[in-house]
Amino acid sequence: METKILLQEIYSTLLKEFKPQKWWPTKSKSKERRFEICIGAILTQNTSWKNVEKALENLRKAKMLNEQGIRNAEEKELALLIKSSGYYNQKAKKLKAFVEFLQSYPLEKLEKITQEKSRDLLLGVHGIGKETADSILLYALNKPIFVIDAYTKRIFSRIMPEKTRNLKEYDEWQEFFSSNLDKDAQLFNEYHALIVNLGKNFCKKKPLCGECPLNKKCKKQQLYNLLTALNLSS
DNA sequence: CGCCAGGGCCTCA
DNA sequence: TGAGGCCATGGC
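Residues numbered from 1 in each chain as written. Chains lettered and ligands numbered in written order. Predicted model: local features only at pLDDT ≥ 70, side-chain atom pairs only at ≥ 80, totals over all residues. Heavy atoms only, no water.

**Student:** Any chance you could explain the packing of aromatic side chains here in plain terms?
**Tutor:** Centre distance and the angle of the planes are the two values used to describe a pair of aromatic rings. Applying the stated criterion across every chain, the model contains 14 aromatic pairs. Where Tyr-11 meets Tyr-191, the ring centres are 5.0 Å apart and the plane angle is 45°; that geometry is what we call tilted. Remark: Tyr-191 occurs in helix 13 (residues 185-201) and Tyr-11 occurs in helix 1 (residues 2-18); sequence separation between them is 180 residues. Tyr-191 shares its class with Tyr-11; the two are buried. (Phe/Tyr/Trp six-rings, centres within 6.5 Å; stacked < 30°, edge-to-face > 60°. Helix = DSSP H or I, 4+ residues; strand = E, 2+ residues; numbered from the N terminus. Buried < 20%, exposed > 50% of the residue type's maximum accessible area, 1.4 Å probe, protein only.)

Shown next, in the form of structure tokens:
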């Protein structure tokens, strides 16, 4: 129960500091928009969003940022358009597999079945792992599911090592958050976006603890201060 | 120049 | 089921 308070405080602090990130708000998304979110979720795998934006823009200009466009495209041609997002040959295959999947399970259909079932279906698609599936569920389908990524693990391992030390698998991390937060899609949506912002700009591999908005709440920072005071290195 | 980014698949014990 | 290799561009 201490954990719940802390997770809430971290959220409030980040929201106040960074303001709402407005990634993909939960309300009123067109069919086209939701499709784009899915494509973005796949293209951003282990890749900076900056590089993904260029790829999305190329697809848009080619009138191919839609289901039919990707379905009809040559895989080679597709790969070229998304080149900037890296792993472009692999990702071209993944996009193909995804639009193939949509023929059997369009987003409108996925939306209607249970979260667990749609997740399993998504996980069956080549190129969609747990994080990508959950990003699609949360950002395209507004399902209240918490997305775990590399930033999440790094940040919370540092902030509360004693609470997270035993977490290993993806699903264990996810359970940690969903059992300690209200299952609210808007909250999960904003929280994850804030985590990414923090991970990108402060809680990097080499963290900028001095300027971090969470340094007062962070165990690692407290430890670092202690070590510094003793004139040891981190 | 090296490191890293909003992972996931495949292989091999 | 866990570790390790592979995929690849662009920013810093």
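Next comes the rest of the account.
**Student:** Just to check I follow, could you spell out the nonpolar core for this structure?
**Tutor:** Most often, soluble globular proteins have nonpolar side chains that are buried together. The biggest cluster of nonpolar side chains holds 71 residues, and the ones touching the most others in it are Ile-39, Phe-98, Phe-156 and Tyr-191. Per-element accounting of this core gives the leading share, eight residues, to helix 13. When near neighbours in sequence (up to four residues on either side) are disregarded, Ile-39 contacts Leu-56, Leu-59, Leu-65, Ile-70, Leu-95 and Phe-98. (Core = buried A, V, L, I, M, F, W, Y, C linked by side-chain atoms within 4.5 Å. Contact = heavy atoms within 4.5 Å.)

**Student:** Help me out: how do you make sense of the pattern of salt bridges in this one?
**Tutor:** Should their charged atoms come close, side chains of opposite charge can pair. One pass over the full model with this rule turns up 10 salt bridges. Across the pair Lys-130 and Asp-171 runs a salt bridge, and its minimum N-O distance is 3.1 Å. A residue pair is termed long-range when its members are at least 10 positions apart, and Lys-130 in helix 9 (residues 130-140) and Asp-171 in helix 12 (residues 170-178) qualify at 41 residues. On the accessibility criterion, Lys-130 (33% relative accessible area) is partly exposed. Via salt bridges that share partners, Arg-33, Glu-36, Glu-57 and Arg-60 belong to a single interconnected network. (Salt bridge = Lys/Arg side-chain N within 4 Å of Asp/Glu carboxyl O.)

**Student:** Would you mind going over the protein's contact with DNA strand B with me for this structure?
**Tutor:** The local shell around DNA strand B holds 25 residues, among which Asn-46, Gly-127, Glu-131, Thr-132 and Tyr-151 are the closest. A distance of 3.0 Å separates a phosphate oxygen of DNA strand B from a polar backbone atom of Gly-127. The contact in question runs from a phosphate oxygen of DNA strand B to an N or O atom on the backbone of Glu-131, over 3.4 Å. In terms of residue class, the surface near DNA strand B is built from nine nonpolar, nine polar and seven charged. (Near = heavy atom within 4 Å. Polar contact = N/O pair within 3.5 Å; in protein donor to acceptor, adjacent residues only side chain to side chain. Nonpolar A, V, L, I, M, F, W, Y, C, P; charged D, E, K, R; others polar.)

**Student:** Explain the protein's contact with DNA strand C to me, please; I cannot follow it from the model alone.
**Tutor:** Contacts to DNA strand C come from Asn-46, Asn-51, Lys-54, Lys-83, Ser-84, Gly-86, Tyr-87, Tyr-88, Asn-89, Gln-90 and Glu-169. Between DNA strand C and the protein, one listed contact pairs a phosphate oxygen with a side-chain N or O atom of Lys-54 at 2.6 Å. Asn-89 places a polar main-chain atom, nitrogen or oxygen, 2.8 Å from a phosphate oxygen of DNA strand C. Of all the elements in the fold, those that place two or more residues in the surface near DNA strand C are helix 3 (49-61) and helix 6 (88-104). No other element matches the three residues that helix 6 contributes to the surface near DNA strand C. Broken down by class, the residue content of the surface near DNA strand C amounts to two nonpolar, six polar and three charged.

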